[in-house]
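What follows is each chain in one-letter form.
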Amino acid sequence: MKIRLISILLLSMWIAPLILAQQTPQSLADAELPSLLGIYKDIHSHPELSGQEERTAALVAKELRAAGCQVTEHVGKYENSKLKAYGVIGVMKNGDGPTVLVRTDMDALPVQEETGLPYASKDVAENDEGKDVHVMHACGHDVHVAAFIGTARSLGKLKDQWHGTIVFVAQPAEEIGTGARALLKDGLYDRFGKPNFALGFHDKADLQTGHIGITEGYTSANVDSVDVTVRGVGGHGGYPHKIKDPIVLAAEIINAWQTIVSRENNPLDPVVITVGSIHGGTKHNIIPDEVKMQLTVRTYKPNVRERLLADIDRIAKGCAAAAGIPAELAPIVSVPKDLVALATYNNPELTKRLVAIWKKSLGDENVEIVDPTMGGDDFSEYSLPDHSIPAVYFHFGAVDPAKIVEFKRAGKELPTLHSSKFAPVPEPTIRLGIIGMTSAVLELMK
Ligand SMILES: [Zn+2]
Ligand SMILES: [Zn+2]
């Protein structure tokens, strides 16, 4: 009996390290999923607008601390003094080695949720203009937070497989393009170390769960917000010959802008000019003094961006001159600097390295090279304007494969990100987010 006991003891001593050694990003993701699902649903039901991420940030700080990070809260310096700083930084140290930045975003959108999910958001919040708006995690930043916490927990348990420092960045205000800049302005790299690599991820509303989608080179666009005020001389709607109509002029300018895209731009350089908002006038029979427009302008290359913004200004003023608007009433075109998100560039060498590791751990068929998009994400800030910090921003699928087939068959488009009907399938999406991010970090710090 005694011999049997001793042999069992010896056997368990021999097996225990083996069990530990068997821990993988996959096994850890599976073990953490039930608890992360609870966290996900909690965040989904309590979304917070950009610059108001108080509750989410507190939850992330608590979780990062529990995962073994040294946590600093309230990081961030905004230009807009109305925004409070809810950036959370968690530093996980494990001896000498590279510094790797892992980023999630945390904010939600002013959208009224229509998913019908039992944990759908019913929350209303006051926006910047003091108006009450419905709030929803319509971009999946709640999925990102859950996967980010799962990644921190996993890497905390895999310390025998990596060396160096991981800087976990829970970034606020991605949707308004200012959060990353606010963190950097508050000394992110001076206070917590300049990373050798930066990693970010985003769920994808047209990619099946279990798949990683990745683009080499530019993956998302420069996003510029442009404000235009077209001025005229208002008056009676029945006497157009006595006034200068800014509404007709605005219509002409909008069409002329599209010729920048079709006639002035190299077709091999992707660009988008969208007028998302136009407001002018109060009544049928009054021609107003001005029309205000808001544009989003998307490009990849810095020189194309500069030229396009100059073209928008030139064409607006040229059209006004042609309409006989006096020079002192020329359109006012402004590009608010604090609303710019620069294009995200996936370092080609780093991308190849991570694709190889993902193919090995997930299977070739589960890693897709996807097209870049004209969407934007201020993750680009972390690699600095000259891309001197190699960065990769990858996508992970959020849609049930059967749903993709069903929609395709019906000739329908799946709900996009920012749609009130966007409902990622939580478990497999969060799971892959953890595995994708954890295995990428391990590759860079092994
Ligand atoms: Zn978004
Ligand atoms: Zn997003």
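Here the structure is a predicted model, which is why all the values come from computation and not from measurement. (Residues numbered from 1 in each chain as written. Chains lettered and ligands numbered in written order. Predicted model: local features only at pLDDT ≥ 70, side-chain atom pairs only at ≥ 80, totals over all residues. Heavy atoms only, no water.)

Draft legend 1. Region of interest: the sheet that holds strand 14 (residues 290-299). The four strands lie next to each other as 12-14-10-15, forming an open sheet whose pairing is antiparallel. The open sheet has two edge strands with one neighbour each: strand 12 (272-280) and strand 15 (332-334). Mean inter-strand twist for the sheet, computed between neighbouring axes without regard to direction, equals 15°. As judged from the three bridges shared by strand 10 (residues 222-231) and strand 15, these two strands associate in the antiparallel manner. When the bridges of strand 15 are listed, T229 appears paired with I332. Docked against the sheet, helix 7 (residues 246-264) engages strand 10, strand 12 and strand 14, running at close to 175° with respect to strand 12. Here helix 8 (residues 302-322) sits on the sheet and contacts strand 10, strand 12, strand 14 and strand 15; the angle it forms with strand 14, its principal contact strand, is near 160°. (Pairing = 2+ DSSP bridges. Helix = DSSP H or I, 4+ residues; strand = E, 2+ residues; numbered from the N terminus. Axes fitted to C-alpha atoms, helices over the stretch in contact; angles between N-to-C directions. Contact = heavy atoms within 4.5 Å.)

Draft legend 2. Summary view of the coordination of the zinc ion (ligand 2). For the zinc ion (ligand 2), every protein donor is listed as C139 (SG), H141 (NE2) and H202 (NE2), and the spread of their distances is 2.1 to 2.3 Å. Between consecutive donor residues of the zinc ion (ligand 2), the sequence gaps follow C-x1-H-x60-H. The metal-metal distance between the zinc ion (ligand 2) and the zinc ion (ligand 1) is 3.1 Å, with C139 coordinating both. Placement of the pair is H141 in helix 4 (residues 141-157) and H202 in strand 7 (residues 197-208), with a sequence separation of 61 residues. (Donors = N, O, S within 2.8 Å, 3.2 Å for Na, K, Ca; no water.)

Draft legend 3. Seen up close, the sheet that holds strand 1 (residues 70-75). Reading across the sheet, the eight strands line up as 1-2-6-3-7-18-8-17 and stay open at both edges, with mixed pairing between neighbours. With one partner strand each, in any of the chains shown, strand 1 and strand 17 (367-369) form the two edges of the open sheet. In this sheet, neighbouring strand axes are inclined to one another by 25° on average, regardless of whether the strands run parallel or antiparallel. Judged from the three bridges that link them, strand 8 (residues 212-214) and strand 17 form a sheet pairing that is parallel. Along strand 17, the bridge assignment pairs I212 with V367. With respect to the sheet, helix 3 (residues 54-66) is in contact with strand 1, strand 2 (87-94) and strand 6 (164-171), its orientation differing from that of strand 1 by roughly 165°. Across the face of the sheet, helix 11 (residues 426-445) comes into contact with strand 3 (99-105), strand 6, strand 7, strand 8 and strand 18 (391-399) while running at roughly 150° to strand 7.

Draft legend 4. Representation of helix 9 (residues 348-362) within the structure. Its 15 residues place the ends of helix 9 20 Å apart at the C-alpha level, agreeing with the 21 Å of an ideal helix rising 1.5 Å per residue. Listed in full, the buried residues belonging to helix 9 are L350, T351, L354, V355, I357, W358 and L362. The opening residue of helix 9 is N347, an N-cap whose side-chain oxygen sits 3.1 Å from the backbone nitrogen of E349. G363 sits one or two positions beyond helix 9 and adopts a positive phi of about 100°. (Expected span 1.5 Å × (residues − 1). Buried < 20%, exposed > 50% of the residue type's maximum accessible area, 1.4 Å probe, protein only. Polar contact = N/O pair within 3.5 Å; in protein donor to acceptor, adjacent residues only side chain to side chain.)

Draft legend 5. Broad picture of the coordination of the zinc ion (ligand 1). For the zinc ion (ligand 1), the full set of protein donor atoms is C139 (SG), E175 (OE), E175 (OE) and H418 (NE2), at a range of 2.0 to 2.6 Å. Sequence positions of the residues that donate to the zinc ion (ligand 1) give the spacing C-x35-E-x242-H. For C139, a relative accessible area of 6% gives the class buried.

Draft legend 6. Spotlight on the environment of G318. Counting through the fold element by element, G318 comes out in helix 8. Residue G318 is classed as partly exposed on the basis of its relative accessible area, which comes to 40%. Spatially, the C-alpha atom of G318 lies 9.4 Å from that of P331, the residues being 13 residues apart in sequence.

Draft legend 7. Region of the structure containing empty space enclosed by the protein. For the structure shown, the criterion picks out one cavity of 30 Å³ or more. The volume enclosed by the largest cavity comes to roughly 50 Å³. Contributing to the lining of the largest cavity are A205, A398, V399, K403, L414, P415, K421, F422 and A423. Broken down by class, the residue content of the lining of the largest cavity amounts to seven nonpolar, no polar and two charged. (1 Å grid on protein atoms, 1.4 Å probe; cavity = no way out; pocket = protein on both sides within 12 Å on 5 of 7 lines; lining within 4 Å. Points joined across faces, edges and corners; volume = space filled by probe spheres on them. Nonpolar A, V, L, I, M, F, W, Y, C, P; charged D, E, K, R; others polar.)

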